[in-house]
Amino acid sequence: MRSRPLGKTGLTVSELAIGTWGLSGDAYGPVAESERDKVIDRALSLGITLFETADVYGDGAMERCLGERLRETPALVVTKIGTNRHASPPRKQFDRAYLEEAFEKSRERLGKDVLDVVLLHNPAASTVTTGEATGALASLKAAGKLRAWGVSVGSVEVARAALAQGAEVLSLAHNVLFSTDLAELADEIHAANVGLLAHSVLAHGLLTGYWSLHKEFPPGDHRADRWTPDELRRRLGQQGPIRSIVGGEILTQRAASLRYVLANGLVSSVLLGAKSVVQLDQLVREAGRPPYLTKQHLESLEFRLKALGVKK
């Protein structure tokens, strides 16, 4: 397992990390606790040193689980705060008092005196710009309770607001079919030397290469509401360019999609959403080793995707 620096934080992280939304049971339906624990233990045995979660995943259960299973290890945890599910109705909440309370609860669940990395959980650009939420995290770091802070962003606008406030880490969606945000932000991320976590690298399973045009999702699976049938068919029809580079060490379309993200030198770590040990082993094996994709592969992908109108 290779490592990369997490920007200017002074932390070093494994190139592959475990994102735990799927393991929590909140995203794709229930996951047995025994399988969840096996995935975490297997990740550690493979040399993965970074785990990403949020205080609301499993209503705090994922933080408690990571706190218990990682206690005697040097693994790092990135957690996210700023979603108040106990409000009526549930809502985003980023005032200083709420964030400080949420931080302390995360610290207790994770069993750490000093948290590794805490991100604001998908705030609006206006929230970031006011400076109250980012100032709360910066103050926690100054008090020695936090090693690094940042923002999980959903748009270029939010990312730029976070960079302007001095964020040290960004988490953003990045994959073969959704790469324009990172491309637009590349120079700014490089100049600020920000740690970058890439999530949604397989677009919630869309890029695995195994879905049919009539794919259906079970109850409790967020993907049932993510794409209309027409949108899903359109997205599946855009994957020919990815399949075209499969061959040799690139074993599958899933491998090509994962390697595309790993080939970007701005990315500190790729968040894998494995829900089973089998899935995790497949992903780690197919990630391979550098060079993840050749210049010719990347140029071919860009040209073919632009021809399909995927990239402008």
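To start, this report covers the structure provided alongside it. (Residues numbered from 1 in each chain as written. Predicted model: local features only at pLDDT ≥ 70, side-chain atom pairs only at ≥ 80, totals over all residues. Heavy atoms only, no water.)

### A word on the overall build of the chain
Now for step 1: When helices and strands are counted, the chain shows twelve helices and twelve strands.
Now for step 2: By the compact-globule yardstick of 20 Å for 312 residues, the chain fits well, its C-alpha radius of gyration being 19 Å.
Now for step 3: For the chain, the spread of C-alpha atoms along the three principal axes comes to 50 × 45 × 40 Å.
Now for step 4: Counting every position in the chain, which comprises 312 residues, the buried fraction comes to 53%.
Now for step 5: Accessible surface, the chain: about 13,700 Å² in total, of which carbon and sulfur atoms supply 50%.
Now for step 6: The distance from the centre of the 39 positive side-chain charges to the centre of the 36 negative ones in the chain is 5 Å. (Helix = DSSP H or I, 4+ residues; strand = E, 2+ residues; numbered from the N terminus. Rg over C-alpha atoms; globule rule 2.2 N^0.38 Å. Buried < 20%, exposed > 50% of the residue type's maximum accessible area, 1.4 Å probe, protein only. Areas by Shrake-Rupley, 256 points an atom, 1.4 Å probe, with all protein chains shown as cover. Lys, Arg positive; Asp, Glu negative; His and termini not counted. Charge placed at Lys NZ, Arg CZ, Asp CG, Glu CD.)

### Concerning the packing of helix H1 (residues 33–45) against helix H11 (residues 277–287)
Now for step 1: Interhelical geometry of H1 versus H11 gives an angle of 25° and a closest axis separation of 9 Å. In terms of axis orientation, H1 runs roughly parallel to H11. Judged by residue contacts, Glu35, Lys38, Val39, Arg42 and Ala43 of H1 engage Val277, Leu280 and Asp281 from H11. (Axes fitted to C-alpha atoms, helices over the stretch in contact; angles between N-to-C directions. Parallel < 35°, antiparallel > 145°, perpendicular 65-115°, else oblique. Contact = heavy atoms within 4.5 Å.)

### As for the sheet that holds strand S8 (residues 115–121)
Now for step 1: Sheet architecture is closed into a barrel: eight strands sit in the order S3-S4-S5-S8-S9-S10-S11-S12, paired in parallel fashion. Ignoring which end each strand starts from, the neighbouring axes of this sheet average 25° apart.
Now for step 2: Note that strand S11 (residues 195–199) and strand S12 (residues 269–272) share two bridges and pair parallel. When the bridges of S12 are listed, Ala198 appears paired with Val270.
Now for step 3: Contacting strand S5 (76–81), S8 and strand S9 (146–152), helix H3 (residues 96–110) runs over the sheet at an angle of about 145° to S5. (Pairing = 2+ DSSP bridges.)

### Quick look at the pairing of S9
Along any regular strand, the residues point their side chains to alternate faces of the sheet.
Now for step 1: Within S9, six of the seven residues are buried, leaving the element largely enclosed by the surrounding structure.
Now for step 2: Note: S8 against S9, six bridges, orientation parallel. If you follow Val117 over to S9, its bridge partner there is Ala148.
Now for step 3: Of the strand pairs in this sheet, S9 and strand S10 (residues 169–173) are connected by three bridges, and their pairing is parallel.

### Observations concerning the environment of Leu177
Now for step 1: Among the secondary structure elements, Leu177 is positioned in the loop between S10 and helix H7 (180–192).
Now for step 2: Between the C-alpha atom of Leu177 and that of Glu72, which follows or precedes it by 105 residues, the distance is 39 Å.
Now for step 3: In contact with Leu177, not counting residues within four places along its chain, are Leu206, Leu207, Arg235, Gln238, Gln239, Leu305 and Val310.

### Some remarks on the nonpolar core
Now for step 1: If you look at the biggest cluster of nonpolar residues, it comprises 86 residues, and the most contacted ones within it are Phe51, Leu170, Val270 and Leu280.
Now for step 2: When sequence neighbours within four positions are dropped, the list of residues in contact with Phe51 reads Ile18, Ile40, Ala43, Leu44, Leu66, Leu70, Ala75, Leu76, Val77 and Val78.
Now for step 3: Grouped together as the second largest cluster of nonpolar side chains are 13 residues, Ala17, Leu76, Leu119 and Val169 included. (Core = buried A, V, L, I, M, F, W, Y, C linked by side-chain atoms within 4.5 Å.)

### Notes on the pairing of S8
Now for step 1: Most of S8 is tucked away: seven of the seven residues are buried.
Now for step 2: Summarising the sheet, S5 and S8 pair through four bridges and their orientation is parallel. Bridged to Ile81 within S8 is Leu120.

### Some points on the pattern of salt bridges
Now for step 1: One pass over the full model with this rule turns up 25 salt bridges.
Now for step 2: Measuring nitrogen to oxygen at the nearest pair gives 3.5 Å for the salt bridge that ties Asp37 to Arg69. A residue pair is termed long-range when its members are at least 10 positions apart, and Asp37 in helix H1 and Arg69 in helix H2 (residues 61–69) qualify at 32 residues.
Now for step 3: One salt bridge in this structure joins Arg96 and Glu100, with 3.9 Å as the shortest N-O distance. Here Glu100 and Arg96 lie together in helix H3, a separation of four residues that amounts to about one turn.
Now for step 4: Judged by relative accessible area, which is 33%, Glu100 ranks as partly exposed.
Now for step 5: Because the salt bridges share partners, they merge into one network encompassing Arg36, Asp37, Asp41 and Arg69. (Salt bridge = Lys/Arg side-chain N within 4 Å of Asp/Glu carboxyl O.)

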